[in-house]
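Letter by letter, the chains look like this.
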Amino acid sequence: MFQVTTLIGDAEKVEKELMKNPPLSEADIEAAKALVKEKGEAVAQLKSAKAGKAEITASVAELNKAKENLSRLEERSKLKPGIPQKDGKIHYSQDIFARQAFFTVSSQLQVETYACAICSVYTFGLAF
């Protein structure tokens, strides 16, 4: 039997991404949070001053861009290299099968006993 998992490919992608673009520092994330707060306060000031709709809309658009950037930075900071683990064991919940899975070549193994006796044997079954 062979163990099957999709976690290895995902782990390799994450490792390549982290090598290409190193993870961000806490200072970068805090700066992005401060920018979101600043933009939010600017929107609040414009609304309280009853500014024009165009000004408020532009300010809200800037706030939304800052929030999206912060969200991307926070997601990126959560990336960890290697296969996901929980309590020191592989965490299969992110795998395609959501549990430990194995493939077997049982039909081929069964026919080997016949091959010793008969010589020419064939198997029909699922193949990948």
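Fair warning: this is a prediction, and the values are worked out from it, not measured in the lab.

Scoring rules and cut-offs
Along each chain, the written sequence defines residue order, and numbers are assigned to residues from 1. In keeping with the predicted nature of the model, local features appear solely for residues at pLDDT of at least 70, side-chain atom pairs appear and are counted solely at 80 or more, and the whole-chain, interface and lining totals rest on all residues. The side-chain quantities take in all heavy atoms of the structure and omit both hydrogens and water. Nonpolar side chains (Val, Leu, Ile, Met, Phe, Trp, Tyr) are joined into patches within 5 Å and like charges within 9 Å, using only residues with over 30% relative accessible area and no salt bridge. Note on areas: these come from Shrake-Rupley sampling with a 1.4 Å probe, and a residue is covered only by the protein chains present in the view. We define a salt bridge as a contact between a side-chain nitrogen of Lys or Arg and a carboxyl oxygen of Asp or Glu at a distance within 4 Å. To qualify as a helix, a DSSP run of H or I must reach at least 4 residues; to qualify as a strand, a run of E must reach at least 2; elements of each kind are numbered from the N terminus. Burial classes follow relative accessibility: with a 1.4 Å probe on protein chains only, a residue under 20% of its type's maximum area counts as buried, one over 50% as exposed, and anything between as partly exposed. Remark: nonpolar core denotes a set of buried residues (Ala, Val, Leu, Ile, Met, Phe, Trp, Tyr, Cys) joined through side-chain atoms within 4.5 Å. It only takes one pair of heavy atoms within 4.5 Å for two residues to be counted as in contact.

1. Observations concerning a nonpolar patch on the surface
Turning to step 1, where the next piece is worked out: There is a patch of nonpolar side chains on the surface, built from Ile8, Ile83 and Ile90 and spanning about 210 Å² of accessible area.
Turning to step 2, where the next piece is worked out: Note on placement: Ile90 falls in strand E3 (residues 89–90).
Turning to step 3, where the next piece is worked out: Assessed through its relative accessible area of 36%, Ile90 is described here as partly exposed.

2. Considering the nonpolar core
Turning to step 1, where the next piece is worked out: In this structure, Ile29, Ala32, Val36, Val43, Leu63, Ala66, Leu70 and Leu73 together form the largest nonpolar core, which totals eight residues.
Turning to step 2, where the next piece is worked out: When residues of this core are traced back to their parent elements, those giving at least two are helix H2 (26–48) and helix H3 (53–77).
Turning to step 3, where the next piece is worked out: In this structure Leu70 touches Ile29, Ala32, Lys33 and Val36, once residues within four positions along its chain are discounted.

3. Quick word on the pattern of salt bridges
A side chain with one charge may pair with a side chain of the opposite charge, provided their charged atoms come close.
Turning to step 1, where the next piece is worked out: Under the criterion given, the structure shown has three salt bridges.
Turning to step 2, where the next piece is worked out: Ionic pairing is found between Arg76 and Glu17, a salt bridge with its closest N-O pair at 3.9 Å. Within this pair, whereas Arg76 is found in helix H3, its partner Glu17 is found in helix H1 (residues 7–20), the two being separated by 59 residues in sequence.
Turning to step 3, where the next piece is worked out: When its relative accessible area of 16% is taken as the criterion, Arg76 is described as buried.
Turning to step 4, where the next piece is worked out: In this structure, the salt-bridge partner of Lys33 is Glu30, at a minimum N-O distance of 3.9 Å.

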